[in-house]
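Given next are the chains, with one letter for each unit.
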Amino acid sequence: MNTESTNNTIIAVTADEGPSISMVGDTYRIIVKGEQTNGAYALIDMLIPPGGGPPPHLHVTFQESFYILDGQIAVITKEKKYIATKGSYVNIPFNGPVHKFTNKTDKIAHILCLLTPAGMEKMFEEIGKPVAASTFLPPSQMTPEELKQIQSIAEKYGQKLYSLDYLD
């Protein structure tokens with residue numbers, strides 16, 4: 001399939017193309033990278049196991065949109081908690097609030113995530129560990145040094161990470 005793009009080339013990706021990455025126990029398959037869209041967007045297929053999801057975070061220069069293909073996630077901010085189920089759509093706008101999403105059920109949640117502009121997928125590749133498709137690695141207990149390193153990488157990509165209990 002054609003996975004590279006110029007301004008006038010169609011991008012076509014098969015179901016088994018794109019790197020899979022383990023992040024905090026979740027598995028993300030990068031379907032389309034920014035290099036393929038001239039930086040316009042990236043598309044990520046996310047599998048979130050029970051109890052999974054990223055810590056509270058903020059990204060003012062990215063818009064993050066989720067379409068729930070299967071399962072359920074809770075999207076949490078200081079002001080509100082949204083329960084998104086199969087067929088639901090959630091948009092975290094530019095300059096949006098600190099947020100997190102988590103799977104509070106006993107089934108895997110399957111999410112399609114659109115990032116505009118592209119760039120956050122590079123952070124996933126730098127922080128995450130490559131895995132086979134649909135493979136889950138347990139979240140690791142990070143040392144303070146490892147956590148500092150991840151926060152530094154996140155900041156390089158315009159993300160700010162917060163403590164796990166920040167939105168409690």
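Note: the structure precedes this text.
Residues numbered from 1 in each chain as written. Predicted model: local features only at pLDDT ≥ 70, side-chain atom pairs only at ≥ 80, totals over all residues. Heavy atoms only, no water.

### Focus: the environment of Cys113
Okay, so step 1: Assignment of secondary structure puts Cys113 in strand β10 (residues 109-116).
Okay, so step 2: Residue Cys113 is classed as buried on the basis of its relative accessible area of 0%.
Okay, so step 3: Note: C-alpha distance between Cys113 and Ile44 (69 residues apart in sequence) is 5.0 Å. (Helix = DSSP H or I, 4+ residues; strand = E, 2+ residues; numbered from the N terminus. Buried < 20%, exposed > 50% of the residue type's maximum accessible area, 1.4 Å probe, protein only.)

### Topic: the nonpolar core
Okay, so step 1: Counting 28 residues, the largest nonpolar core has Met46, Phe66, Phe101 and Phe124 as the members making the most contacts within it.
Okay, so step 2: Apart from residues lying up to four places away in sequence, Phe124 is in contact with Ile21, Met23, Tyr28, Ile44, Met46 and Leu115.
Okay, so step 3: In terms of nonpolar packing, the next biggest core, distinct from the first, is built from six residues, Leu58, Ala74, Ile76 and Val98 among them. (Core = buried A, V, L, I, M, F, W, Y, C linked by side-chain atoms within 4.5 Å. Contact = heavy atoms within 4.5 Å.)

### A look at the sheet that holds strand β6 (residues 72-76)
Okay, so step 1: Here we have three strands laid out as an open sheet, ordered β7-β6-β9, and antiparallel in their pairing. Every other strand in the sheet has two partners, leaving β7 (81-85) and β9 (100-102) as the edge strands with one partner each. Within this sheet the neighbouring strands show an average axis-to-axis angle of 25 degrees, counted without direction.
Okay, so step 2: The sheet contact formed by β6 and β7 spans five bridges and is antiparallel. In the sheet register, Val75 faces β7, and the bridge partner there is Tyr82. (Pairing = 2+ DSSP bridges. Axes fitted to C-alpha atoms, helices over the stretch in contact; angles between N-to-C directions.)

### Things to note about unusual backbone geometry
Okay, so step 1: Omega for the bond connecting Thr116 with Pro117 falls within 30 degrees of zero, at -15 degrees, which places this linkage in the cis form.
Okay, so step 2: Following the sequence through the fold, Pro117 ends up in the loop between β10 and α1 (120-127).
Okay, so step 3: Not every positive phi belongs to a glycine, and Asn38 is a case in point at roughly 55 degrees.
Okay, so step 4: One can find Asn38 in the loop between β2 (26-32) and β3 (42-48).
Okay, so step 5: Look at Ser134: it is not a glycine, yet its phi comes out positive at around 60 degrees.
Okay, so step 6: Tracing the chain through its elements places Ser134 in the loop between β11 (129-131) and α2 (144-156).
Okay, so step 7: The class of Ser134 is exposed, set by a relative accessible area of 52%.

### Section: the packing of aromatic side chains
Okay, so step 1: Summed over the entire model, instances satisfying the criterion amount to three aromatic pairs.
Okay, so step 2: The interplanar angle of 65 degrees and the centroid separation of 5.0 Å between the aromatic rings of Tyr28 and Phe124 together place this pair among those described as edge-to-face. Here the residue Tyr28 occupies a position in strand β2, and Phe124 occupies one in helix α1, the gap between them amounting to 96 residues. Both residues of the pair, Tyr28 and Phe124, count as buried.
Okay, so step 3: Ring centres 4.5 Å apart and planes at 40 degrees place the aromatic pair Tyr162 and Tyr166 in the tilted group.
Okay, so step 4: The class of Tyr162 is buried, set by a relative accessible area of 18%.
Okay, so step 5: Over the ring of Tyr166 we find Lys78; its NZ or CZ atom is 4.6 Å from the centre of that ring. (Phe/Tyr/Trp six-rings, centres within 6.5 Å; stacked < 30°, edge-to-face > 60°. Lys NZ or Arg CZ within 6 Å of the ring centre and 35° of its normal.)

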